[in-house]
Amino acid sequence: MRITIRDKCSTNASSLFIQSTYRISRHFAMLFSNSTFATFPLDFGFDRPTVRMLSQPQHHSNEHMNHRALSVLVFCILAFPMAFKFTFTREHTPNDRPLLDSSIYISGFFRPIVSIFNTVYFVLSPKTILLYCTIAHGKPTPSRMDLVNETVHLVQGKEYINRLWRHSFGSRALSLHVYLFKHWFAMPQKIIDKYLADDSGSGPKPHPLSSVETQNRTDRLSHSVFKDVLSGSDTASLCQRYVLRLCKALDQSDISMSWTSQPDLVDFVRGALTLANTEALWGTHLTETSDFCGDLTEFFQDTRKYTYQLPRWLIPKAFARRDRLLSDLHRWQSFATGVDGHVAPWEDSKYNDGKWGSKRLRKWQADFLEMDDADAAGLASVHLTFAWAVNVSLGPAAFWAVQEIFRDPTLLERVRSRLPRAQSAADVTSLLSQAQTREEICADPLLQSIYTEILRLRVCAFVVRRFPHDSVDLHGWRVPRDQICLVSTHIAHMHGDEWNTDGGKEPLNRFWANRFLVLKTDTDTKLAPPATSKLCPEDPWKFSLRGLEGVWIPFGGGPRACPGRHLAKHHMLVTMAAMVMLFDIDIAASDRPLRASHANHGLGTLLPVGKVPFSIRRRV
Ligand code: HEM
């Protein structure tokens, strides 16, 4: 193995690493030293809220020294493996690409030690370690990270990601999914075993080396229903139901023509949106007989506690909430499957999808119950997984879009100029219920650019693939069979020179509504309108994602990409339009609570660190 001293490491990544290591060491030192009253971040991230803690008074000089010495010691221990990696790394050039499975930065004695440190970093500050491992010379690049019991191939860089998507049919995402099934969604072990045993892939035909029976192709079963329900023939009625429920929820909210203060814009937007999305899919029967959406929103916050596998007696409320969600779904599905003698009127002419939700979802239940060992508890758990997946990213993403629009009066004016005029709330509902109006909204260049920019900036998802039968060649980087490939959308979205930054004036860590607008006549996607320009319908700008395949990836990609992506776009743009048409909003929060929290790094759209108080009044 050739070892060379890396000449130019990304300053960004290394300084971030050093800062992060410093914070972690400080945290440990604080924990172990006798300190009183200091302020430090709870989770070592950079965008976390701070809490008041006990810190040391100035006059305790011995304690101060102890604390400093301890900080330095912890820093040195933590910095050791990364410093090693920082110094010795394999040299690679486009013509001499190493195989990923032989790119052992540190071999022999040091490798297990490094894997322990990598694991600690990955748990405490995944953002930092991924950035550190994958940014070389300012550009995202593939790399490999040894964790204690897994080797993770970090696939970054446009051409490698595109190649990974192309191979995705023969892949499965198991390790992460199974962990979540078990610890978050309380899936019975026998169903988890079925998911674990399925190596047939998600394609219509099972992999030739797989011997899994057709009814037990869990991956295919889940994936195809998601695709069927979310992008099949039900889509038009799903969208229609979504709009009606959203407008109803916003109209019922306690907002008058005079300004009123509200505690949190996230809750306001996410509440309406989660209700509308859930009712569009599962029908009002689920939400009217329980506080399903309230519990679901709380459940989003609880997932972190489940990740740490805290016992029931420590977090009884979180467990009770999950039990309630599962039993609500259980009750709903027993109606929907006709168990207990309750059968909804399923004949086409009498079917009330507003009350019972998507027909396809019900058909899928029948398929799921065909699986060996399948039962109602397993089904409820898969429904909960589905309810989480369809809602967890959408609400926060819509929130970010709404707050960006209302915080910038010029942008608000531009957005309003794109939307039809309404005289009353009923007018808004009637306009947005028309498929034609919604099509125009979804095709509007400025609105699309805002939506795309929000997902670029705020979505932070880990997209995972594992190839159970074959090793995969990614442009000369080979991932061995049955090892994890992980793509971080955050790394892809925040680095690289493919993005339009208006010549560096609009950096990637800031929202810029015009990032995806180009001149209609322009073939160079990097030419964008100036940030201040007011776009009108006759403006010569168009929306463009050209050149960004494998770079703008909030929904993953390839045959396994998020099956809800078209609905997500529709729902977000319609929500933005409804809010702008119905309300005036004044955001009272300062910049600080509006920073993104990385507490759920890797699991979808980020949330702001604090509550976002606002004032609101009706316009119509
Ligand atoms: C801003 C909104 C959303 C984002 C950022 C997002 C992102 C993602 C990502 C990254 C994945 C993993 C894809 C992969 O492995 O390549 C995924 C999976 C999934 N998404 Fe979304 N999603 C969003 C909204 C939605 C909506 C609105 C729905 C449904 C209405 C939905 C349904 C699903 C489902 C069912 C899966 C699992 C697919 C499978 O494992 O086969 N998502 N999403």
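The rules behind the values
- Residues numbered from 1 in each chain as written.
- Predicted model: local features only at pLDDT ≥ 70, side-chain atom pairs only at ≥ 80, totals over all residues.
- Heavy atoms only, no water.
- Pairing = 2+ DSSP bridges.
- Helix = DSSP H or I, 4+ residues; strand = E, 2+ residues; numbered from the N terminus.
- Axes fitted to C-alpha atoms, helices over the stretch in contact; angles between N-to-C directions.
- UniProt positions renumbered as here; feature names shortened; annotations may be inferred.
- Expected span 1.5 Å × (residues − 1).
- Buried < 20%, exposed > 50% of the residue type's maximum accessible area, 1.4 Å probe, protein only.
- Polar contact = N/O pair within 3.5 Å; in protein donor to acceptor, adjacent residues only side chain to side chain.
- pLDDT = per-residue confidence, 0-100.
- Contact = heavy atoms within 4.5 Å.
- Salt bridge = Lys/Arg side-chain N within 4 Å of Asp/Glu carboxyl O.
- Core = buried A, V, L, I, M, F, W, Y, C linked by side-chain atoms within 4.5 Å.
- Near = heavy atom within 4 Å.
- Nonpolar A, V, L, I, M, F, W, Y, C, P; charged D, E, K, R; others polar.
- Parallel < 35°, antiparallel > 145°, perpendicular 65-115°, else oblique.
- Left-handed = near helix turned anticlockwise from the far one by under 90°.
- Phe/Tyr/Trp six-rings, centres within 6.5 Å; stacked < 30°, edge-to-face > 60°.

1. Here we look at the sheet that holds strand S20 (residues 614-618)
Turning to step 1, where the next piece is worked out: Spatial ordering of the open sheet is given by S9-S20-S16, a layout of three strands whose pairing is antiparallel. Two strands lie at the open edges of the sheet, namely strand S9 (260-262) and strand S16 (583-587), each paired on one side alone. Sheet twist, expressed as the average angle between the axes of neighbouring strands with direction ignored, equals 30 degrees.

2. Looking at the UniProt feature "binding site: heme" (unreviewed entry) in the chain
Turning to step 1, where the next piece is worked out: Here, UniProt's "binding site: heme" (unreviewed entry) annotation points to Cys562.
Turning to step 2, where the next piece is worked out: With respect to the helices and strands, Cys562 occurs in the loop between strand S15 (541-543) and helix H23 (565-582).

3. A few points about helix H10 (residues 265-282)
Turning to step 1, where the next piece is worked out: The terminal C-alpha atoms of H10, which comprises 18 residues, lie 25 Å apart, in line with the 26 Å expected from a rise of 1.5 Å per residue.
Turning to step 2, where the next piece is worked out: Most of H10 is tucked away: 15 of the 18 residues are buried.
Turning to step 3, where the next piece is worked out: For H10, the N-terminal cap is Asp264; the gap from its side-chain oxygen to the backbone nitrogen of Val266 is 3.2 Å.
Turning to step 4, where the next piece is worked out: Remark: Gly283 follows H10 within two positions and exhibits a positive phi of approximately 85 degrees.

4. Examining the confidence of the model for the chain
Turning to step 1, where the next piece is worked out: Averaged over all residues, the pLDDT of the chain equals 81, while 76% of them reach at least 70.
Turning to step 2, where the next piece is worked out: Mean pLDDT in the chain bottoms out at strand S3 (residues 50-53), which sits at 28, and peaks at helix H17 (residues 394-407), which reaches 98.
Turning to step 3, where the next piece is worked out: Counting contacts from residues 83-107, a segment whose pLDDT is below 50, to residues more than four positions away or on other chains yields 64 contacts.

5. Details of the pattern of salt bridges
Turning to step 1, where the next piece is worked out: The final tally for this structure, using the stated rule, is 26 salt bridges.
Turning to step 2, where the next piece is worked out: Salt-bridge contacts for Lys190 lead to Asp375; the nearest nitrogen and oxygen are separated by 3.0 Å. Here Lys190 is found in helix H7 (residues 189-197), whereas its partner Asp375 is found in the loop between helix H15 (359-370) and helix H16 (376-391), with 185 residues between them in sequence.
Turning to step 3, where the next piece is worked out: With a relative accessible area of 36%, Lys190 lands in the partly exposed category.
Turning to step 4, where the next piece is worked out: What you see here is one network of salt bridges that share partners, running through Glu298, Asp302, Lys305 and Arg321.

6. Here we look at the nonpolar core
Turning to step 1, where the next piece is worked out: Among the nonpolar cores identified, the biggest contains 122 residues, and Trp282, Phe368, Leu432, Ile450 and Ile585 are the most heavily contacted of them.
Turning to step 2, where the next piece is worked out: With 12 residues, H23 is the single largest residue contributor to this core.
Turning to step 3, where the next piece is worked out: Dropping the residues within four chain positions of it, Ile450 is found in contact with Ile405, Leu411, Val415, Phe511, Ala513 and Met576.

7. Considering the site of the ligand
Turning to step 1, where the next piece is worked out: Around the ligand sit 25 residues in total, of which His223, Val390, Arg465, Pro554 and Cys562 are the nearest.
Turning to step 2, where the next piece is worked out: Side-chain polar atom of Arg465 to an oxygen atom of the ligand: 2.8 Å apart, as the coordinates give it.
Turning to step 3, where the next piece is worked out: Mapped by element, the contributors of at least two residues to the shell around the ligand are helix H8 (218-231), H16, strand S10 (459-466) and H23.
Turning to step 4, where the next piece is worked out: Counting residues per element, the shell around the ligand draws most heavily on S10, at four residues.
Turning to step 5, where the next piece is worked out: Here the residues of the shell around the ligand are counted per class, giving 17 nonpolar, six polar and two charged.

8. As for the environment of Leu286
Turning to step 1, where the next piece is worked out: Within the secondary structure layout, Leu286 lies in helix H11 (residues 284-288).
Turning to step 2, where the next piece is worked out: Between the alpha carbons of Leu286 and Trp356 there is a distance of 8.0 Å; along the sequence they are 70 residues apart.
Turning to step 3, where the next piece is worked out: If sequence neighbours within four positions are ignored, Leu286 has contacts with Thr278, Phe292, Asp328, Leu329 and Trp332.

9. Here's the deal with the sheet that holds S10
Turning to step 1, where the next piece is worked out: The strand order across the open sheet built from five strands is S7-S8-S13-S10-S18, with neighbouring strands paired in mixed fashion. Only two strands of the sheet have a single partner each, and these edge strands are strand S7 (143-146) and strand S18 (603-605). Across the sheet, the mean angle separating the axes of adjacent strands is 30 degrees when strand polarity is ignored.
Turning to step 2, where the next piece is worked out: Note: S7 against strand S8 (residues 151-154), four bridges, orientation antiparallel. Each residue of the ladder has a partner; that of Arg144, found in S8, is His153.
Turning to step 3, where the next piece is worked out: Strands S10 and S18 of the sheet are contacted by helix H21 (residues 445-458), whose axis makes an angle of about 70 degrees with S10.

10. What to know about unusual backbone geometry
Turning to step 1, where the next piece is worked out: Positive phi, normally seen in glycine, also occurs at Ala186, with a value near 50 degrees.
Turning to step 2, where the next piece is worked out: Structurally, Ala186 is set in the loop between helix H6 (174-183) and H7.
Turning to step 3, where the next piece is worked out: By relative accessible area, which is 29% here, Ala186 ends up partly exposed.
Turning to step 4, where the next piece is worked out: At Gln309, a residue that is not glycine, the phi angle is positive and equals roughly 55 degrees.

11. Some thoughts on the packing of helix H9 (residues 235-252) against helix H19 (residues 425-433)
Turning to step 1, where the next piece is worked out: At a minimum axis distance of 9 Å, the contact between H9 and H19 shows a crossing angle of 165 degrees. Judged on the interaxial angle alone, H19 and H9 are roughly antiparallel. Relative to H19, the crossing made by H9 is right-handed. Taking contact as the criterion, the partners of Gln240, Val243, Leu244, Cys247 and Asp251 in H9 are, on H19, Ala425, Thr429, Leu432 and Ser433.
Turning to step 2, where the next piece is worked out: Its residues assigned to classes, the contact of H9 with H19 shows five nonpolar, three polar and one charged.

12. Quick look at the packing of aromatic side chains
Two numbers describe a pair of aromatic rings. These are the distance of the centres and the angle of the planes.
Turning to step 1, where the next piece is worked out: According to the stated counting rule, one finds 16 aromatic pairs in the structure shown.
Turning to step 2, where the next piece is worked out: An angle of 85 degrees between the planes, with centres 6.0 Å apart, marks the rings of Tyr160 and Trp477 as edge-to-face. Residue Tyr160 is found in helix H5 (residues 158-167), and its partner Trp477 is found in strand S12 (residues 477-479); the two are separated by 317 residues along the sequence. In terms of burial, Tyr160 and Trp477 fall into one category: buried.
Turning to step 3, where the next piece is worked out: Relative to Phe319, the ring of Tyr306 lies with its centre 5.9 Å away and its plane at 80 degrees, an arrangement referred to as edge-to-face. In this pair, Tyr306 sits in helix H12 (residues 292-307) while Phe319 sits in helix H13 (residues 316-337), placing the two residues 13 residues apart along the sequence. Each member of the pair, Tyr306 as well as Phe319, carries the same accessibility label: buried.
Turning to step 4, where the next piece is worked out: Joined through ring pairs, the aromatic side chains of Trp184, Phe185, Phe299, Tyr306, Phe319 and Trp388 make up one cluster.

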